[in-house]
Amino acid sequence: MRKSARAGSGVSNSAAPTAPYRRHSCGLYLHVPLCVSRCSYCAFVSTTELEQRGRLVSAIAGELDTLGRRAGRELRTLYFGGGTPSLLGAAELATIMAALRRWFVVAPGAEFTLEANPEDVAEERLQRWARLGVTRLSLGVQSFDENILRRLGRRHSAVKARWAVAAALAHGFTVSLDLMVGVPGEGAKQVEQSITEVLQLLPHHVSVYLLELDKPTPLAALATRCPDTFPDEDAAARAYLQVGKALVGAGYHHYEVSNFARPGFSARHNLRYWLGRSVLGVGPAAAGQVGRQRFANVEDIQLYLERLEAGSSPRAWARTLSEHELGVERLMLGLRLAQGVGEGAVQRLAPPEFCEQLQAFLALGLARRRGRRVRLTPRGWLVSSELLAYLV
Amino acid sequence: MDQRHIRNFCIIAHIDHGKSTLADRLLERTGALSSREMMEQVLDSMELERERGITIKAHTVTLRYRAADGEEYLLNLIDTPGHVDFSYEVSRSLAACEGALLVVDASQGVEAQTLANAYLAVAQGLELIPVLNKIDLPQADPERVRQQIEQVVGIDASHALAISAKSGVGVEAVLEALVAHVPPPAGDPHAPLRALVFDAAYDPFRGVRCLVRVVDGRLFRGQAVRFLASGREAAVDELGVFTPRPVAVEQLAAGEVGYVFAGLKELAHVQVGDTLAEASFLGPALPGFAEAKPMVFAGLYPVDSSAYDALREALEKLSLNDSAFRFQPDTSQALGFGFRCGFLGLLHMEVVQERLEREFGLQLLTTAPNVAYRILTKRGELQEVHNPAQLPPEGMIERIEEPFILATILTPDTYLGGILQLVQERRGEQVRLEYLGGGRVMLEYRLPLAEVVLDFYDRLKSVSRGYASFDYHFDGFRPGNLVRLDLVVNGEPVDALAVIVHRDRAYTRGRALARKLKETIPRQLFEVVVQAAIGSRAIAREVIKPLRKNVIAKCYGGDITRKRKLLERQKEGKKRLKRVGRVDIPQEAFLAVLKVDV
């Protein structure tokens, strides 16, 4: 972790004013908006009409072609997210990879992550993914409690999840495991169980997400209807801190609000977002940033297909961030990282109300100062919006 | 015109019982306005007055009517303000009349407002002509209402007129009854001038316009005059009558009603109820003058503190046309810079607030209203306190007096139990309870005004499902066992939340207020303790646990833009918070004291 963080602060390509397309390396995010079924907490762009998959794969390959013709470059990180990229078949993956390699060079040692649902993990698939160059699997385990898994609308069992993580590790992948806390049916016992299971499996990386209900999902509706099903705010906060403490005790580094890694295994792709480095986005709703340009594709899958089939751009919007916006965003994202931000940057960019609130955070032990840097503590992260709201 | 051919009258009616419609019909019948010119409800000219169906300022209109006896009469209709808050103005308008039409909806019966004003009119010796309106409605029951008038108002209603102002049926009879039953004015046309000022309004181009009733002598153009109460001298620039269009005349003689411009630039120079006399006059003023005194006070603060100057200008403009309204700069540690404002009553407060928001486009934060208190200190000084935060420390107070009202409530007897409980809760003291027949009950209660200003009217409406009507008039100050209840947030008393309450109620109210604040104040980064205290003694305590969770868990890629918007929304929310000490208190909390029901 330390290594990548230092490397991060040394690179300043995103601050370069002109399009650094050709000269610089970047990351690439590819969104596969297909799912067998929709999970109750999820509001990502995805469809369960799997008959669309043929058209989608062609469209994605087509977008890679147009993007690549203009902007072929070296990829340092590659991330297939979704949706459920793990349900793509061999031929579909081959089509996408062929388009990708036609225009992009995947740098030696690049991180290539594929998001996978535990139920999709099988020996043969693991071999196939490895052959394609995937180095890292992000497994959506979410919980080891059958009851919770059912409520979340997950299709796998705890047994299957355990096996999937172990198998992925055995095949030499870097493995990241997603956990959710604050979910309905979660009590002290379930939290303990998650901790025990994770520490037994010992993946390289763990993401611990507090349930978010700000988007219209079935779970958000449930929260309005029967809030008592959910652990209250305090219990959810306790669970988050408890899991975090256990992971740190086992040698993980809590390097971002929701992310933990064993030394050297921070998510390099995600760090690109948090450090403001260039990432291209491919697929419906995918967003990206190159230098000061930020852009996103249309979210509507049909529209995405139609645009690409008509030979036009799937872009929904693109805009240039001002130097100030960029700086403020860097502060906001930086404070979500364990490395924190420089006090100089705070003084230069943050409004007085922010500085006042930061003082309160420091006084309450929610933030800590070390040398010329300031960072939030885990308890501070839990209430970080109370601070970051004063930035925007 | 000969005094014997003049009739000065007003119309007393409950809201919606048809006062304005009848006035329109009288204008039409006497040819004051052709029906083509008729605009609905000509007399209520302020937009707000029309919308709410109430009259805030007085108006007059002079009608020429040739009666059945072949003679021509001048009928001066004086339209009085129709609400309790303006009862002093009402009494002055009544003083300008010799008679009144008591208009009662024949389908509804007598209501509280009708009663209160009818009593005032009777007390001032006016001749009341009962008029049963809306007799064309299927549910009209004129006989029952006639009996009700006799029983409750205590006047002979055997000759009550049955009319429909809407269709015009019986309007002719109303005009004839005015001529036959309202006595002509009795003043002395040869005595020195004495005229009653019963209203004053500000015209941005012409200055102050007074409505006057000449009692003795005559008022003419160019006359040197003096307002006896204020002592201000002036010269009559213009005088005239409303037909309803203003028509200038050379003079107004004893018994006549009209308007006067006397070169006055500020409304503060003229007080309703004052006597206008010749500059050299040495005799007595007309009886009944009193200064309009605000009874209800509240803080008005701009929601956006940069609008302070705009608010001050608006208040200045407003007070030009509203002599009863008072304001002075005030600072609250919680709400910043604003104004302490005095109103005649709750409706007056609402009207002012609404005009400020509507006519001046201001966004206001209004603190809970309170009444004026009279304090006798241990050192024997008498003070009037308009703001609970200014009450001297308990140890320095010898006695606190609070204003009382005499309330009249009319209700179907089904709701009597609930209403009795309500007035009991509000420290009410029964003066009279009378069954009116037809399942109606009339109640008279003496109540502390403070118990009425918060939400009494709303509660009355809710316990009676809207069927009870209510009116009151001021009934003097009385000593009470009152204490100041402070709300203390993390050790800091919040000035804008202080209230004065009866000692017996302090404990329950303190607990309820502390609980309400706990519900309203969002969790902060640290523990917040809310206390209700009398002096240094805490009587209630609530703890707001520190906030544990407000975080964006997932923040990747394109979502950054969206998450930023999420934070922006949170920041917008924070703008509505006022920081007291270290604690952020939402504006709702300052209004919560209004809604606590104990």
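Higher on the page you've got the structure.
Remember, predicted model here, so these are calculated numbers, not experimental data.

### Here we look at the overall build of chain B
For chain B, the helix and strand inventory stands at 14 helices and 34 strands. Of the contacts made within chain B by residues no fewer than 6 positions apart, 70% connect residues no fewer than 24 positions apart. Split by element, the accessible area of chain B, about 24400 Å² in all, is 49% carbon and sulfur.

### Concerning the overall build of chain A
Helix and strand counts for chain A come out as 16 helices and 15 strands. Counting only contacts in chain A whose residues sit at least 6 apart along the sequence, the fraction spanning at least 24 positions is 71%. Accessible area for chain A stands at about 15700 Å²; split by element, carbon and sulfur atoms hold 54% of it.

### Some remarks on the pattern of salt bridges
Counted according to the given criterion, the structure contains 51 salt bridges over all chains. Ionic pairing is found between Arg562(B) and Asp214(A), a salt bridge with its closest N-O pair at 3.1 Å. Residue Arg562(B) is located in helix α13 (residues 559-575), and its partner Asp214(A) is located in the loop between β6 (205-210) and α8 (218-225); the two belong to separate chains. What makes Asp214(A) partly exposed here is its relative accessible area of 36%.

### Details of the sheet that holds strand β15 (residues 257-261) of chain B
Sheet strands associate in pairs through backbone hydrogen bonding, adopting either a parallel or an antiparallel arrangement. All names here are of chain B. Overall, antiparallel pairing links the eight strands, which are arranged β11-β10-β16-β7-β8-β15-β12-β13 in an open sheet. In this open sheet, the two strands that pair with only one neighbour each are β11 (233-235) and β13 (246-249). Going across the sheet, the axis of each strand differs from the next one's by a mean of 40 degrees, ignoring polarity. Bridge count for strand β12 (residues 238-242) against β15 is three bridges, and the pairing is antiparallel. Pairing of leucine 239 across the sheet is with valine 260, part of β15.

### Concerning the environment of Glu291(B)
Residues and elements named next belong to chain B. Turning to its location among the elements, glutamate 291 is positioned in the loop between β16 (275-278) and β17 (296-302). Sequence-wise, glutamate 291 and aspartate 274 are 17 residues apart; in three dimensions their C-alpha atoms are separated by 9.2 Å. If we skip the residues at most four places from it in the chain, glutamate 291 touches Gln271 and Arg326.

### Overview of the interface of chain A and chain B
Every contact between the two is made by 42 residues of chain A and, on the other side, 31 residues of chain B. At the boundary of chain A with chain B, total buried surface from both sides reaches about 3700 Å², with 56% on carbon and sulfur atoms. For chain A, the biggest contributors to the area lost against chain B are Glu212(A), Glu233(A) and Val392(A); these three give 16% of the whole. Run the count over chain A and chain B and you get seven salt bridges. Asp234(A) is the partner of Arg523(B) in a salt bridge, and the nearest nitrogen-oxygen pair spans 2.7 Å. For the side of chain A that touches chain B, the secondary-structure elements that each account for two or more residues are β6, α9 (233-249), α10 (268-274), α12 (323-334), α14 (352-363), α15 (378-382) and α16 (385-388) of chain A.

### Comments concerning helix α8 (residues 346-360) of chain B
All names here are of chain B. In this model α8 runs 20 Å from its N-terminal to its C-terminal C-alpha over 15 residues, within 8% of the 21 Å that 1.5 Å per residue would give. Buried residues of α8: Leu347, His348, Met349, Val351, Val352, Gln353, Arg355 and Leu356, and no others. A positive backbone phi angle near 60 degrees is found at glycine 361, which sits one or two residues after α8.

### Quick look at the nonpolar core
Leu30(A), Leu64(A), Phe80(A), Leu100(A) and Trp129(A) are the most contacted members of the largest nonpolar core, which has 153 residues in total. Among the elements that make up this core, the one with the highest residue count is helix α2 (residues 53-71) of chain A (seven residues). With near-sequence residues (within four places) excluded, Trp129(A) lies in contact with Ser86(A), Leu93(A), Leu114(A), Ala116(A), Asp120(A), Val121(A), Val134(A), Leu137(A) and Phe173(A). Core analysis: the next-biggest nonpolar cluster, separate from the first, contains 50 residues, Phe325(B), Val352(B), Leu364(B) and Val371(B) among them.

The rules behind these values
- Residues numbered from 1 in each chain as written.
- Chains lettered and ligands numbered in written order.
- Predicted model: local features only at pLDDT ≥ 70, side-chain atom pairs only at ≥ 80, totals over all residues.
- Heavy atoms only, no water.
- Helix = DSSP H or I, 4+ residues; strand = E, 2+ residues; numbered from the N terminus.
- Contact = heavy atoms within 4.5 Å.
- Areas by Shrake-Rupley, 256 points an atom, 1.4 Å probe, with all protein chains shown as cover.
- Salt bridge = Lys/Arg side-chain N within 4 Å of Asp/Glu carboxyl O.
- Buried < 20%, exposed > 50% of the residue type's maximum accessible area, 1.4 Å probe, protein only.
- Pairing = 2+ DSSP bridges.
- Axes fitted to C-alpha atoms, helices over the stretch in contact; angles between N-to-C directions.
- Buried area = accessible area lost by both parts, 1.4 Å probe.
- Expected span 1.5 Å × (residues − 1).
- Core = buried A, V, L, I, M, F, W, Y, C linked by side-chain atoms within 4.5 Å.

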